[in-house]
Structures are given as structure tokens and as C-alpha cells.
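Report on the structure
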Amino acid sequence: MSARIAQSVVKAYLEPELEKHFHPDSYGYRPGKSALDAVGVARKRCWRYNWVFNLDVQAFFDTISHDLWMRAVRKHTDCRWVLLYIERGLKAPVQLPDGTLEPREKGSPQGSVVSPLLAHLFLHDAFDRWMSVHYPCIPFERYADDILCHCRSERQAREVWTVLEQRFAACGLRVHPDKTTIVYCKDDDRRSHYPNEKVDVLGYPFRPRRSKHRWGKYFVHCSPGISKAAAKAIRQTIRSWRLDCRIDKKGDDLARMFNPVIQGWINSYGRYYKSALYPTLRYLDRRLAGWAMAKYTRLRRHRRRSEHWIRRVACQSPKLFAHWRLLHRASAGQ
């Protein structure tokens with residue numbers, strides 16, 4: 001039996017049992033839970049709590065003690081073959097660039113099927129359960145080794161920082177000195193200033209944002225939106241499509257080709273604070289205008305006329321491209 005198949009069997013055996021014990025606010029590598037779920041819960045709690053302690057464990061997968069890891073596993077199973085395959089997988093030697101093998105004394109091999117589940121188990125004991133006992137009044141979200149703790153005051157956040165540094169040190173881990181921060185969740189009701197008023201949660205930057213509620217009044221609240229890095233990556237992908245070279249395609253053809261990808265972006269980055277995604281989607285419309293300008297003789301060398309043509313088609317057929325329902329909602333509703 002190959003090592004990967006053996007790990008898959010171990011994971012299938014262990015996961016149903018471990019799921020019974022895991023904390024509801026841990027999201028990484030769990031069936032039915034996602035990073036977006038963690039972001040949504042963090043969003044609601046940032047409205048209720050003034051301060052966030054953002055904790056990152058340094059080189060987590062490379063520094064976990066094998067002895068502590070196996071101790072955590074033995075709390076939940078005494079099945080000999082499961083323990084044997086896990087221990088073998090953890091201690092598998094590392095192949096260096098010159099081909100020699102180096103013994104692994106700690107950490108987990110990259111690409112291991114069962115490592116994410118075991119890491120989750122380790123942090124369940126090291127953090128989730130420990131916090132529930134010692135700081136039950138502080139809610140948190142944990143996705144693998146990315147952790148957000150919601151605090152009532154800066155003093156409480158600093159206390160938690162100090163205590164968790166000691167806790168993780170006792171578990172053979174180190175809190176990352178640069179990526180760990182305290183953040184003030186500024187909004188209309190919290191007008192004080194603090195050096196750090198934004199935090200990145202699983203690639204979604206939380207910061208004070210201007211919004212409009214259903215009665216039309218604008219207000220400021222701490223909310224997540226698409227990151228600059230993600231928006232840049234999307235624009236690079238759009239450029240790679242070379243739309244202006246696809247003059248043999250009709251609009252329907254382009255929609256069938258790219259709508260699954262566009263809808264994926266909307267699902268990932270449009271659930272919270274959709275307007276942060278609009279500039280990137282407008283960029284896609286400009287690239288579609290470039291396609292129209294290359295395809296239709298009457299639009300050639302008329303950039304503005306091509307953009308107007310795209311807007312007119314979007315208003316007439318708002319369901320053609322997945323993003324048009326967001327950008328042209330007013331017209332779609334007519």
C-alpha cells in the first residue's frame with residue numbers, strides 16, 4: 001500500500017471521530033466549513049467587539065513536535081495500525097537537493113493527506129480547548145494556524161497575547177513576532193485613533209469602510225473586502241484570456257467559456273462588501289469592449305463607443321455574463 005493511500009485510509013478512519021470533539025469556531029480542513037464562513041463570523045464579531053488580536057504561529061507545520069503530536073492522537077484512538085501509519089508518515093526522511101535523505105525530527109511532510117487533520121487536532125488541544133477553559137468570554141475564529149480573538153479592550157488583547165505566547169511556547173511553537181498584531185475595529189461609534197486599524201483575515205482585508213444602509217444613510221463599519229493582491233491576480237487572469245484576439249467568438253461563446261471562472265470570483269470575493277470587487281469587474285468590461293472593438297468594423301478605433309455598446313448589451317441581456325447582474329443591477333431590474 002502506497003504511503004498516500006495509507007494516509008487517506010487513516011484520515012477516513014479518524015475524521016468522523018475527531019469531528020465530534022472539534023470546536024465550532026475552528027474552520028480549517030473541516031467538512032462543511034470554509035474560509036468564507038470564518039470571514040463571515042469574524043465580520044459580525046468585529047461589529048460587537050472593539051479589538052482584535054490577530055495571532056499567527058511561525059512555521060507551524062515545520063516545528064510541531066512529533067511526541068506532542070502523537071500524544072494528541074493517542075487521546076482519541078489506540079488503534080495500532082493507525083498510530084503506526086501516522087508515526088511512519090511524520091518521521092519519513094526529507095530528500096535534499098543532492099538526493100541524500102535527512103531524518104525528520106519534527107514537523108510534517110509537505111503534501112501529506114492526513115497532516116491538515118492532525119494539525120487541526122493538535123491546535124484543538126493547544127488552543128481551542130485551552131481558550132474555552134481559561135478565556136471562555138473571548139470568542140475566536142481559527143483557520144489552521146491563523147487565529148482571530150475578539151477582545152473588549154486593548155488591555156485584554158495584550159493580556160491574551162502575553163498568555164498565548166507562553167502557551168504556544170509550552171507546546172513547542174512560537175508566535176510570529178511580525179504577523180501577530182492587535183487591531184482596533186474602527187467604525188462610526190468608535191472614533192478613537194489607533195496605529196493599526198486593519199487586519200488581513202485569510203486574504204480578506206478588514207478595515208473601516210463606508211457603506212449605505214437600507215434607508216439610504218451612509219455609515220462606517222469594519223468590514224472585509226477583496227485584497228489588492230487578489231484583484232491584481234484576477235486582472236492578470238483576464239489579460240491572459242486575450243479577448244481582443246478572439247474575434248472568431250460570439251458573446252455567447254465567451255460567456256460559456258469564462259462564466260464559471262467569473263462566478264467563482266463573485267462567490268469568493270463578492271459575498272462581503274461587493275462594491276470592493278466592482279473596479280475589477282469593470283476592468284473585465286473594458287477588456288470585453290476591446291474584444292468588441294476588434295470584432296466589429298463599426299466600433300474599430302472607437303474605444304468609448306465600444307464601452308457604451310458593452311453597457312447597452314449588458315442592460316439588454318444582464319444574465320449573459322455572470323458579473324453583469326452586479327454591475328448593471330438597476331437596468332436588470334427594469
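Remember, predicted model here, so these are calculated numbers, not experimental data.

Thresholds, definitions, all that
- Residues numbered from 1 in each chain as written.
- Predicted model: local features only at pLDDT ≥ 70, side-chain atom pairs only at ≥ 80, totals over all residues.
- Heavy atoms only, no water.
- Phe/Tyr/Trp six-rings, centres within 6.5 Å; stacked < 30°, edge-to-face > 60°.
- Helix = DSSP H or I, 4+ residues; strand = E, 2+ residues; numbered from the N terminus.
- Buried < 20%, exposed > 50% of the residue type's maximum accessible area, 1.4 Å probe, protein only.
- Lys NZ or Arg CZ within 6 Å of the ring centre and 35° of its normal.
- Arc of directions from axis to C-beta.
- Contact = heavy atoms within 4.5 Å.
- Pairing = 2+ DSSP bridges.
- Axes fitted to C-alpha atoms, helices over the stretch in contact; angles between N-to-C directions.
- Salt bridge = Lys/Arg side-chain N within 4 Å of Asp/Glu carboxyl O.
- Core = buried A, V, L, I, M, F, W, Y, C linked by side-chain atoms within 4.5 Å.

Turning our eyes to something else, we now look at the packing of aromatic side chains. The geometry of an aromatic ring pair comes down to the distance between the two centres and the angle between the two planes. All told, the structure shown has 17 aromatic pairs when counted by the stated rule. Residues Trp241 and Trp265 carry aromatic rings whose centres are separated by 5.6 Å and whose planes lie at 15° to one another, so their mutual orientation is stacked. Remark: Trp265 occurs in helix H9 (residues 251-269) and Trp241 occurs in the loop between helix H8 (228-240) and H9; sequence separation between them is 24 residues. For the pair formed by Trp241 and Trp265, the shared burial category is buried. Members of the aromatic cluster, joined through ring pairs, are Tyr13, Trp81 and Tyr85. The ring of Tyr273 carries the charged tip of Arg209 above its face, separated from the ring centre by 5.1 Å.

What follows concerns helix H5 (residues 80-90). If you check which residues of H5 are buried, you get Val82, Leu83, Ile86, Gly89 and Leu90. Along the axis of H5, the buried positions cluster into a sector of 135°, meaning they face one direction only. Opposite its buried face, H5 presents the exposed residues Arg80 and Arg88, each directed more than 90 degrees away. Buried-residue contacts for H5 involve helix H1 (3-19), helix H4 (66-74) and helix H6 (115-134).

Here we have four strands laid out as an open sheet, ordered E4-E5-E1-E6, and antiparallel in their pairing. Every other strand in the sheet has two partners, leaving strand E4 (140-143) and strand E6 (181-184) as the edge strands with one partner each. Adjacent strand axes in the sheet meet at a mean angle of 15°, parallel and antiparallel pairs treated alike. Both strand E1 (residues 51-56) and strand E5 (residues 146-151) contribute to a ladder of six bridges, which runs antiparallel. Across the sheet, residue Trp51 finds its bridge partner in E5, namely Cys151. In the packing of helix H2 (residues 35-48) onto the sheet, the strands contacted are E1, E4 and E5, and the crossing angle to E4 comes to about 160°. In the packing of helix H7 (residues 154-170) onto the sheet, the strands contacted are E1, E5 and E6, and the crossing angle to E1 comes to about 20°.

You can see Arg282 is positioned in helix H10 (residues 278-295). The exposure class assigned to Arg282 is partly exposed, which follows from its relative accessible area of 43%. Taking C-alpha positions, Arg282 is 9.4 Å from Trp324, a pair spaced 42 residues apart along the chain.

Judged by which residues are buried, E6 turns out to be covered on both faces: Thr181 and Val183 on one side and Ile182 and Tyr184 on the other are all buried. Where E1 lies against E6, four bridges are found, and the strand directions are antiparallel. Its bridge partner being in E6, Phe53 is matched across the sheet by Ile182.

Bringing the pattern of salt bridges into the picture now. Any two side chains of opposite charge can pair, given that their charged atoms come close. As enumerated under the stated definition, the model contains twelve salt bridges in all. A salt bridge links Asp37 to Arg271; its shortest N-O distance comes to 3.8 Å. Separated by 234 residues along the polypeptide, Asp37 in helix H2 and Arg271 in the loop between H9 and H10 bring together distant segments of the chain. Linking Glu141 and Arg45 is a salt bridge whose minimum nitrogen-to-oxygen distance equals 2.8 Å. Placement of Glu141 in strand E4 and of Arg45 in helix H2 is noted, with a sequence separation of 96 residues between them. A relative accessible area of 4% means that Glu141 is categorised as buried. Look at Arg45 and you get buried, because its relative accessible area is 13%. Through salt bridges with shared partners, a single ionic network connects Asp25, Arg45 and Glu141.

Across the six residues of E5, five count as buried, placing the element largely inside the fold. As judged from the four bridges shared by E4 and E5, these two strands associate in the antiparallel manner. Residue pairing for E5: Arg142 is matched across the bridge by Ile147.

To continue, consider the nonpolar core. Residues Phe53, Ile86, Met131, Cys149, Leu164 and Phe168 are the most contacted members of the largest nonpolar core, which totals 47 residues. Among the elements that line this core, the one with the most residues is H6, at ten residues. With residues near it in sequence (within four places) discarded, Met131 still touches Pro136, Ile138, Phe140, Cys149 and Leu164.

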